[in-house]
Every structure is written in C-alpha cells, then in structure tokens.
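Analysis of the macromolecular model
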Amino acid sequence: MESGYVRAAGKSEIVLGKMKKVTLDGKEVLIVNVNGYYYAVGSECTHFGGDLSEGVLEGNVVTCPNHKAKFDVTSGKVVSPPAEALSRPDIEDLPTYLVKIDNQDIMVKV
Ligand code: FES
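Below: a short report on this structure. Just so we're clear, the structure is a prediction, and the values are computed from it rather than from any experiment.

1. Side note on the overall build of the protein chain
Across its full length, the protein chain holds zero helices and ten strands. Element order for the protein chain, N to C, with α for helix and β for strand: β-β-β-β-β-β-β-β-β-β. Taking 2.2 N^0.38 as the reference for a compact globule, 110 residues should give roughly 13 Å; the C-alpha atoms of the protein chain span a radius of gyration of 14 Å, in line with that estimate. Based on the C-alpha atoms only, the size of the protein chain along its principal axes is roughly 45 × 25 × 20 Å. The proportion of buried residues among the 110 residues of the protein chain is 38%. Restricting the contact set of the protein chain to residue pairs at least 6 apart, pairs at least 24 apart contribute 44%. Working note: accessible area of the protein chain is about 6,000 Å², and carbon and sulfur atoms make up 47% of it. Of the side-chain charges in the protein chain, 12 are positive and 15 negative, and the distance between the mean point of each set is 4 Å.

2. Describing the pairing of strand β3 (residues 27-34)
Here β3 lies mainly inside the structure; six of its eight residues are buried. Both strand β2 (residues 19-24) and β3 contribute to a ladder of six bridges, which runs antiparallel. Residue K20 lies in a different strand from β3, and its bridge partner there is I31. The turn joining β2 and β3, which pair antiparallel and follow one another in sequence, is formed by two residues; a positive phi near 55 degrees is taken by D25. The pairing of β3 with strand β4 (residues 37-42) spans six bridges and is antiparallel. Within β4, the residue paired with L30 across the bridge is V41. Counted between consecutive antiparallel strands, the loop separating β3 from β4 contains two residues, among which N35 sits at a positive phi close to 55 degrees.

3. Notes on the pattern of salt bridges
Once the charged atoms of two side chains with opposite charge are near each other, the side chains can pair. The final tally for this structure, using the stated rule, is six salt bridges. Ionic pairing is found between K21 and E28, a salt bridge with its closest N-O pair at 3.8 Å. Using a relative accessible area of 31% as the deciding quantity, one classes K21 as partly exposed. According to the relative accessible area criterion, E28 is partly exposed, its value standing at 39%. Shared partners join several salt bridges into a network, and the residues in it are R7, E13, K20 and D105.

4. Comments concerning the side chain of T46
Looking at where T46 falls in the secondary structure, it is placed in the loop between β4 and β5 (56-58). Assessed through its relative accessible area of 14%, T46 is described here as buried.

5. Brief notes about the sheet that holds β3
The strands making up a sheet associate through hydrogen bonds between their backbones, and the pairing can be parallel or antiparallel. Taking strand neighbours across the sheet as the criterion, the six strands line up as β1-β10-β9-β4-β3-β2 in an open arrangement whose pairing is antiparallel. Every other strand in the sheet has two partners, leaving β1 (5-10) and β2 as the edge strands with one partner each. Taken pair by pair, the neighbouring strands of this sheet meet at an average axis angle of 30 degrees, ignoring direction. Pairing analysis gives five bridges linking β1 to strand β10 (residues 105-109), with the strands arranged antiparallel. The partner of A9 across the bridge, within β10, is I106.

Cut-offs and rules
- Residues numbered from 1 in each chain as written.
- Predicted model: local features only at pLDDT ≥ 70, side-chain atom pairs only at ≥ 80, totals over all residues.
- Heavy atoms only, no water.
- Helix = DSSP H or I, 4+ residues; strand = E, 2+ residues; numbered from the N terminus.
- Rg over C-alpha atoms; globule rule 2.2 N^0.38 Å.
- Buried < 20%, exposed > 50% of the residue type's maximum accessible area, 1.4 Å probe, protein only.
- Contact = heavy atoms within 4.5 Å.
- Areas by Shrake-Rupley, 256 points an atom, 1.4 Å probe, with all protein chains shown as cover.
- Lys, Arg positive; Asp, Glu negative; His and termini not counted.
- Charge placed at Lys NZ, Arg CZ, Asp CG, Glu CD.
- Pairing = 2+ DSSP bridges.
- Salt bridge = Lys/Arg side-chain N within 4 Å of Asp/Glu carboxyl O.
- Axes fitted to C-alpha atoms, helices over the stretch in contact; angles between N-to-C directions.

As structure tokens, then:
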C-alpha cells in the first residue's frame, strides 16, 4: 500500500448508497458508497459548516441539512448553492481525498 493512506472504515460498514463520517488525522472526512465505488470528501459544508453526514444522499449528490446546498461527492463540486444569498453565496467545493481498497478496508490518503 502506498504511503499516506490510513484505514477509514471497513467496506461492510458503508453499504451501497450510504455514507459515514470519520476523523482522520484531525480532519473530518465523509466516506460515501456510490454504486459500489467509495469516495472521500470533507464532511463540513463550505457554506456555514453544516454536517453533511446528517444530510441526504441521492445518487452521487449530498444535500446539506442546514440550507440545502448540494455537492457531488465524486468530485467535491458544488452542484447547487442555497437559494438565498447569505453572506457567502459563492460556496466553495469540498476537499477531496484519494481512496483505495485494501482487502475489506477502505483506505484514505489524508
Ligand atoms: S451550512 Fe450547508 S448550506 Fe448552509
């Protein structure tokens, strides 16, 4: 295994269409299973810090529970900002992390 990867979870912990927040090296990371592929993005909404692990996942898009911003978990890109212009209408993309599977473990490079 290439260096820099740490174990985030077991594959069986995050079944198809589910997500889980883990803390890796002090960073809160959201691990998501989309169609059997695993992705890792920052779990904190870049608008006002909503916990995306408490949001709704539909396909590859997670919706923030606070003001409904949407992010593509496969790329971290903002799909839809909040409807209202708050103090930061230009929500930034989420950080993304490389993922590898090692046997039954999901490994993430942080
Ligand atoms: S905190 Fe996520 S949309 Fe506002």
